[in-house]
Amino acid sequence: MSTAPVTSLRLARAELVGMAGLQGTAFCQRYAQAADAWLAGLLERATGGDTSKIALIAVGGYGRGELCPGSDLDVALVHHPRLRHVKQIADAIWYPVWDEGVHLDHSVRTPKGVLATARDDLKVILGLLDARLIAGDTALAEQVIERAREEWQAEARTMVPLLSEALRQRHATHGDVAFLLEPDIKEDRGGLRDLHAVHSAAAAVTGVADPSGDPNLLRANQILLATRVELHRRSGKETNQLLLQEQDPVAEALGYTDADALMTDIATAGRSIAWAGDDCWRRVETWLAGPKRGPVADRPIERGIVMHEREITLEDGADPATDCSLAFRCAAVAAETGVPMSHACLDRLSEATPVPADPWPATLVQALVRLLGTGRAAIGEIEALDSHGLMVRHLPEWQGVRNLPQRNAFHRFTVDRHLCETAAAACEFVRDVSRPDLLLLGALLHDIGKGLPGDHTAAGMEVVGRIARRMGFDDSDSATLVGLVEYHLLLPDTAAKRDLDDPATIDAVAAKVGDQELLLLLSALTQADSVATGPAASSPWKMRMVRDLVARTAKRLSGLPHEEIGETATPDPELVRLAGMVAEEGQPALSHSPLPDGDGWELRVAARDRPGLLASIAGTLALHGLSVRGAQAHEPEPGIATEQFAVAPMFDREPRWDLLETEVRDALDGSLDLDARLAAKTSDYAGVKRPGAALAADPRVIFDNGASERATVVEVRAPDGIGVLYRITSALLACDLDIVTAKVHTLGHEVVDTFYVRRIVGGTATKIADRHELDRIEKTILTRLDRPT
């Protein structure tokens, strides 16, 4: 406890905040010392120097000495029941704190009152586990603190399950520190609050280790605490979410080379805490179940592996040095039974498992495939192996993707977790392919090149070729695994950006894939990869297009000519109905229905074909606060265009569909000034930040005259925003271009829109091949994107 005089905590805090080199735990301790000295002075003055029957106690984070710039002062004023003028003493402490603008969480109670409240309030008793004396009656404070800890231990079988349930509820509404784009370093799974929960459980439960004795967890705490201090320092308030726009400055303040290095450390810290937490709560469950009566015999599971006391462990005679499959087999057994590997098991495997021979024994490959084949259950067990260095020992290339952040709004996970998630999702499709082993291994390795410089696909092909040979696969199987890496984006990119009715599209995919076996493997990998990536990649809308592409390509590979391939998907009956209404009545027809994923609606529109049709509809959708997640535009019969849109509300409001239909018609007949209305709407929402906006790259326009014989393909990538599709299509209209087909997709914070365009000259449709003309089109698009309308 510091005795240095502090006359103003606000000024003392400001001085410490201004010391940029004072970071992390050093800052927290200095700030806690300043707070101690100031509060001790307040208590001294409030009592006239007689503190024999009263004590000021720091609890929670303040009690641990983890006082960040924006943290509350969590204190309890404990007094003897016969002490007089307690309210006046308390007011003489609290009011100066409030006057200083420091947040305060306080209580005033007798020792009996403190303990009674602690029995009924989980938060109170957890705070007391970290309590310490600030100033006052030492014996009184020690009595309360010691009794609270005894109460926690005595009532552990009631209290600890409440803590476990509180964690479960919080995890249900939060993501993971290790994997989120913008993690909450306190509340998310693997954050500071989880670490404190393990500390609390260790104080009462036999078999749960105190995290203060684990160097990895101490390091994790230091990383997250240092980040939290810098967040508070920059914002001037308590904030715990590391937003994208804060990552670069926080990284610079903490001496990292860049934000990726910071996020890698944060991911490592989050994984360490999450793994320790999972282990802790499994042990709590075992402890709550109680010991079995009498001696417990080991239950043999398979060669070298037994179950002991609800844990998977090694048989006494098992030797990882001579049985190289043991690590993956233990993990597979744990995943299959739902029983965790013991610490002793993991330690023995870590100490004795050698680097595999080159090539791998067949039993080792079989054990890895078996583990991957357990699906989602494998993820936790791979995490356990990885935390003990066993993934890198078997696959040195894994080191490059461990905790590697993907700083975009499209991906949910770090690269290594994404690979595990993809392999887990691939288990749903093993019956659809002839080689499930290659599917699962390809899923685990498809993005392994992201840990290397340059194009991740090219780098990954080289790495996976090397790994496949090291695993003992022959040339044919190795080529298949390399093909899965080379073409893992072929199907989703083609389905999203190319016209599937164009024969050139199907021919190009068939030529690259080469045979039905690889096509089916790629189809399964694409679906698994999309699910693992996130909702933006795996919407029913996008998966439907991928399946259509696969079906068409399969027919082409079987030798069917284009005229017999036709439309593999059943024509949308609603579009057929709407087109019929337009043919009969001449007016645009619209309908909408909820998307299968429940996140928005599918809007269908049919109208007489005319220049600017797509632009007019897109502008009206933007005007009604609808974000276009996906769109397709076609001309099923001469003179009538049908368009499908997957739309979602930008601001959580369902549109008035009747008004939308009216204004679509007004836009098409020219009576609605879309430019003026959209300019006003954009101005109204100019200050609203969209998710992932900090990662938005500059707009880019790409032309491809080789993808189709009948049209020029124009691909536009741009940050998402109000009216982006309208601006792009209006620019194409201004260049006198006819849009034959459109494929529109929103990928997180970015739109990727593809248009098949042509120019009608003298009744003849022509592609745009002149370089100067292409430059003019590009300039027009970029100019329109740079303006609100």
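Going by the structure above, here's the rest.
Residues numbered from 1 in each chain as written. Predicted model: local features only at pLDDT ≥ 70, side-chain atom pairs only at ≥ 80, totals over all residues. Heavy atoms only, no water.

Q: What am I meant to see in the sheet that holds strand β5 (residues 299-302) here?
A: Backbone-to-backbone hydrogen bonds pair the strands of a sheet. The strands run either parallel or antiparallel. Taken in spatial order, the 3 strands of this open sheet run β5-β6-β7, and their pairing is antiparallel. Each edge of the open sheet carries a strand with a single partner, namely β5 and β7 (311-314). Each neighbouring strand pair of the sheet contributes to a mean axis angle of 40°, computed without reference to strand direction. For β5 and strand β6 (residues 305-308), the ladder comprises 3 bridges, and the chain directions are antiparallel. The residue of β6 that forms the bridge with Glu-302 is Ile-305. (Pairing = 2+ DSSP bridges. Helix = DSSP H or I, 4+ residues; strand = E, 2+ residues; numbered from the N terminus. Axes fitted to C-alpha atoms, helices over the stretch in contact; angles between N-to-C directions.)

Q: For this particular structure, what's the right way to read the packing of helix α6 (residues 122-129) against helix α8 (residues 156-173)?
A: Each pair of packed helices can be described by the angle between their axes along with the distance between the axes. Running from amino to carboxyl end, α6 crosses α8 at an angle of 105°, the nearest separation of the two axes being 11 Å. Relative to α8, the element α6 lies roughly perpendicular. Along the contact surface, α6 presents Leu-122, Ile-125 and Leu-126, while α8 presents Met-159, Leu-162, Leu-163 and Ala-166. Residue composition of the contact of α6 with α8, by class: 7 nonpolar, no polar and no charged. (Parallel < 35°, antiparallel > 145°, perpendicular 65-115°, else oblique. Contact = heavy atoms within 4.5 Å. Nonpolar A, V, L, I, M, F, W, Y, C, P; charged D, E, K, R; others polar.)

Q: Help me understand the packing of aromatic side chains, please; the structure alone is not making it clear to me.
A: How two aromatic rings sit relative to each other is given by the distance of their centres and the angle of their planes. Taken as a whole, this structure holds 4 aromatic pairs when the rule is applied. Relative to Trp-98, the ring of Tyr-95 has its centre 5.1 Å away and its plane inclined at 85°; by these criteria the two rings are edge-to-face. Placement of both Tyr-95 and Trp-98 in helix α4 (residues 86-99) is noted, with a separation of 3 residues, approximately one turn of the helix. For the pair Trp-601 and Trp-657, a centre-to-centre distance of 5.4 Å together with 80° between the ring planes defines the contact as edge-to-face. In this pair, Trp-601 is assigned in strand β9 (residues 601-608) and Trp-657 in helix α29 (residues 657-669), connecting sequence segments 56 residues apart. Overall, Trp-657 belongs to the buried group, its relative accessible area being 14%. Over the ring of Tyr-62 we find Arg-132; its NZ or CZ atom is 5.2 Å from the centre of that ring. (Phe/Tyr/Trp six-rings, centres within 6.5 Å; stacked < 30°, edge-to-face > 60°. Buried < 20%, exposed > 50% of the residue type's maximum accessible area, 1.4 Å probe, protein only. Lys NZ or Arg CZ within 6 Å of the ring centre and 35° of its normal.)

Q: I would appreciate a short explanation of a negative patch on the surface in the present structure.
A: The grouping of Asp-248, Glu-252, Asp-258 and Asp-260 at the surface amounts to a negative patch. As for its placement among the helices and strands, Glu-252 is situated in helix α11 (residues 244-253). (Patch = residues over 30% accessible without salt bridge, like charges linked within 9 Å, V, L, I, M, F, W, Y side chains within 5 Å. Areas by Shrake-Rupley, 256 points an atom, 1.4 Å probe, with all protein chains shown as cover. Salt bridge = Lys/Arg side-chain N within 4 Å of Asp/Glu carboxyl O. Lys, Arg positive; Asp, Glu negative; His and termini not counted. Charge placed at Lys NZ, Arg CZ, Asp CG, Glu CD.)

Q: Just checking my understanding: could you explain the pairing of strand β3 (residues 104-109) for this structure?
A: In summary, the side chains of a regular strand alternate between the two faces of the sheet. Here strand β2 (residues 73-79) runs beside β3; their pairing, made up of 6 bridges, is parallel. Its bridge partner lying in β3, Leu-73 is registered against Leu-104. With α4 bridging β2 and its parallel neighbour β3, the resulting β-α-β unit is right-handed. (Right-handed = clockwise from strand over helix to strand, strands pointing away.)

Q: Got a minute to help me understand helix α16 (residues 377-387) in this structure?
A: With 8 of 11 residues buried, α16 is to be regarded as a mostly interior element. Packing partners of the buried residues in α16 comprise α12 (259-289), α13 (326-337), α14 (343-352), α15 (362-372), α17 (390-394) and α18 (415-426). Trailing α16 by a residue or two, Gly-389 shows a phi angle of about 80°, which is positive.

Q: What's the story with the environment of Ser-530 in this structure? I'm lost.
A: Following the sequence through the fold, Ser-530 ends up in helix α24 (residues 516-533). Those residues in contact with Ser-530 that sit more than four places away from it in its chain are Ala-537, Ser-538 and Met-543. Within the structure, the side chain of Ser-530 is placed 2.8 Å from the backbone oxygen of Thr-526, a separation counted as a polar contact. (Polar contact = N/O pair within 3.5 Å; in protein donor to acceptor, adjacent residues only side chain to side chain.)

Q: Looking at this model, I keep getting lost on the side chain of Arg-727. Mind explaining?
A: Here Arg-727 is to be found in helix α31 (residues 724-734). One polar contact links the side chain of Arg-727 to the main-chain carbonyl oxygen of Leu-785, over a distance of 3.1 Å.

Q: What is the right way to read the pattern of salt bridges from this model?
A: As a working rule, side chains carrying opposite charge can pair if their charged atoms are close by. Per the counting criterion, the structure on display carries 56 salt bridges. Arg-665 is the salt-bridge partner of Glu-661, the closest N and O atoms lying 3.1 Å from each other. Taken together, the residues span about one helical turn, with Glu-661 and Arg-665 both in helix α29 at a distance of 4 residues. A residue is classified by how much of its surface remains accessible, and Arg-665, at 31% relative accessible area, is partly exposed. Connected through salt bridges with shared partners, the residues Glu-302, Arg-303, Asp-323, Arg-329, Glu-336 and Arg-370 form a single ionic network.

Q: How do you make sense of the sheet that holds strand β1 (residues 54-58) when you look at a structure like this?
A: Taken in spatial order, the 4 strands line up as β3-β2-β1-β4 in an open sheet, and their pairing is mixed. Strand pairing shows two members of the sheet lacking a second neighbour, β3 and β4 (132-136), which therefore form its edges. Pairwise comparison of adjacent strand axes, ignoring direction, gives a mean angle of 25° for this sheet. On top of the sheet, α4 reaches β1, β2 and β3; it is set at about 175° to β3, its chief contact.

These results come straight from atomic positions and should not be treated as a statement about function.
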